[in-house]
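The chain contents come next:
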Amino acid sequence: MPQIHFSVCSAAYMALDQTVEAAELERTFIAIKPDGVQRGLISEIVGRFERKGYKLVAIKLIVPTKEFAAQHYDDLSSRPFFDGLCDFLSSGPVVAMVWEGQGVIKYGRKLIGATSPQASEPGTIRGDLCVQVSRNIIHGSDGPETAVNEIGLWFKPEELVSYTKNDEKWLYE
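Residue numbers here run from 1 along each chain, matching the order of that chain's written sequence. Residue-level local features of this predicted model are given only where pLDDT is at least 70; pairs of side-chain atoms are given and counted only at 80 or more, and the full residue set underlies all totals for whole chains, interfaces and linings. Note that water and hydrogens are dropped before the side-chain values are worked out from all heavy atoms of the structure.

> Mind laying out unusual backbone geometry, listing which residues take part and the relevant values?
Unusually for a residue other than glycine, Ile137 sits at a positive phi of about 55°. In this scheme, a residue with accessible area under 20% of its type's maximum is buried, one over 50% is exposed, and one in between is partly exposed, where area comes from a 1.4 Å probe on protein chains only. Overall, Ile137 belongs to the buried group, its relative accessible area being 0%.

What follows is the structure, encoded as structure tokens:
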């Protein structure tokens, strides 16, 4: 009888695992905000995405203007904190990146954690490295359409690199 239980559990696990493997290869925009750069957290954040198996396809260091920050946060323009958000994003260097991989948009958001560090789980970037929402060190696209728009805002098409990493066969095949 225990063998039947084990077989049912194994079958359920295998079915779940197949669903996970069906995720699409996609790209997302991730930015390390000025507080993350100033605190020396670039390698920590990049390392978390790399260890997960995602591929970095674009990266640059930029100090956005307030006008550029307003374009980036355009969807929040009616919110009372909009001006402060734009001031903050343009207050220093930002590491802008594009990451590629299966399910990178959704899982990238899980790696990042909730917008409020107080609501972020331990093990997430914000849960481990942040204290308050106004200094939450990282931004990540929240969906496929947003990812396309943000990548297009921050990068020219020729700045995106397509290549095959040697470890992809260990991740996806």
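> Tell me about the pairing of strand 3 (residues 94–102), residues and numbers included.
Only DSSP runs of H or I covering at least 4 residues are called helices, and only runs of E covering at least 2 are called strands; the numbering of each starts at the N terminus. Across the nine residues that make up strand 3, a large majority, eight, are buried. When DSSP finds two or more bridges between a pair of strands, those strands are recorded as paired. Two elements, strand 1 (residues 25–32) and strand 3, share eight bridges in a ladder whose sense is antiparallel. Bridging from a neighbouring strand, Thr28 pairs with Trp99 of strand 3. By the bridge criterion, seven bridges tie strand 2 (residues 55–62) to strand 3 in an arrangement that is antiparallel. Bridge pairing in strand 3 links Leu61 to Val95.

> So, the confidence of the model for the protein chain: which residues are in play, and what are the values?
Each residue carries a pLDDT score, the predictor's confidence in it, ranging from 0 to 100. Averaged over all residues, the pLDDT of the protein chain equals 89, while 87% of them reach at least 70. Here residues 1–22 is a poorly scored stretch, pLDDT under 50, and it has one contact once near neighbours within four places are set aside; other chains count. Only heavy atoms matter for contacts: two residues are in contact if any of them lie within 4.5 Å across the pair.

> Any chance you could break down the nonpolar core for me, citing the residues and the numbers?
We define a nonpolar core as any set of buried Ala, Val, Leu, Ile, Met, Phe, Trp, Tyr and Cys residues linked to one another through side-chain atoms lying within 4.5 Å. Counting 21 residues, the largest nonpolar core has Ile45, Phe49, Trp99, Ile137 and Ile138 as its most contacted members. When contributions to this core are tallied by element, the ones reaching two or more residues are strand 1, helix 3 (42–52), strand 3, helix 6 (104–112) and helix 7 (125–129). At four residues, the largest contribution of residues to this core is made by helix 6. Look past the residues within four positions of Ile138 in its chain and what remains in contact with it is Ile30, Ala31, Lys33, Ile45, Phe49, Ile112, Ile125 and Arg126.

> Describe the pattern of salt bridges, with residues and values.
Put simply, a salt bridge is a Lys or Arg side-chain nitrogen that is within 4 Å of an Asp or Glu carboxyl oxygen. As enumerated under the stated definition, the model contains eight salt bridges in all. Residue Asp128 pairs with Arg48 through a salt bridge whose shortest N-O separation is 3.0 Å. On the criterion of sequence distance, the pair formed by Asp128 in helix 7 and Arg48 in helix 3 is long-range, its members being 80 residues apart. A salt bridge links Lys55 to Glu168; the nearest nitrogen and oxygen atoms lie 2.9 Å apart. Pair noted here: Lys55 is in strand 2 and Glu168 is in helix 9 (residues 168–172), with a separation of 113 residues, a long-range link. Glu168 shares its class with Lys55; the two are buried.

> Residues and numbers for the packing of aromatic side chains, please.
For Phe, Tyr and Trp, rings pair up if their centres lie within 6.5 Å, where Trp contributes its six-membered ring, and each pair is then called stacked (planes under 30 degrees apart), edge-to-face (over 60) or tilted (otherwise). Within this structure, the stated rule accounts for four aromatic pairs. With centroids separated by 4.7 Å and ring planes inclined at 90°, the aromatic side chains of Phe68 and Trp154 adopt a geometry described as edge-to-face. One end of the pair, Phe68, is in helix 4 (residues 66–72); the other, Trp154, is in helix 8 (residues 144–154), and 86 residues separate them in sequence. Relative accessible area serves as the criterion here: at 16%, Phe68 is assigned to the buried category. Among the aromatic residues, ring-to-ring pairing joins Phe29, Phe68 and Trp154 into one connected group.

> Residue-level account of the side chain of His72, with values.
Structurally, the position occupied by His72 is in helix 4. Discounting residues that sit within four places of it in the chain, His72 has contacts with Phe29, Leu89, His139, Glu150, Leu153 and Trp154.

> Tell me about the UniProt feature "active site" (unreviewed entry) in the protein chain, and please be specific about residues and values.
UniProt positions are given in the numbering used here, feature names are shortened, and annotations may be inferred rather than shown by experiment. UniProt marks His139 with the feature "active site" (unreviewed entry), using the numbering shown here. Tracing the chain through its elements places His139 in strand 4 (residues 138–140). Taking relative accessible area as the criterion, His139 reaches 14% and is therefore assigned buried.

> Lay out the sheet that holds strand 1 in plain terms, naming residues and giving numbers.
The antiparallel open sheet is built from four strands, whose spatial order is 2-3-1-4. A single partner strand is all that each edge strand has here, and the edge strands are strand 2 and strand 4. Strand-to-strand twist of the sheet, defined as the mean angle between neighbouring strand axes without regard to direction, takes the value 20°. All axes here are fitted lines through C-alpha atoms, helices being fitted over the stretch that makes contact, and every angle between N-to-C directions spans 0 to 180 degrees. This element, helix 8, spans strand 1, strand 2, strand 3 and strand 4 of the sheet and lies at about 55° to strand 1.

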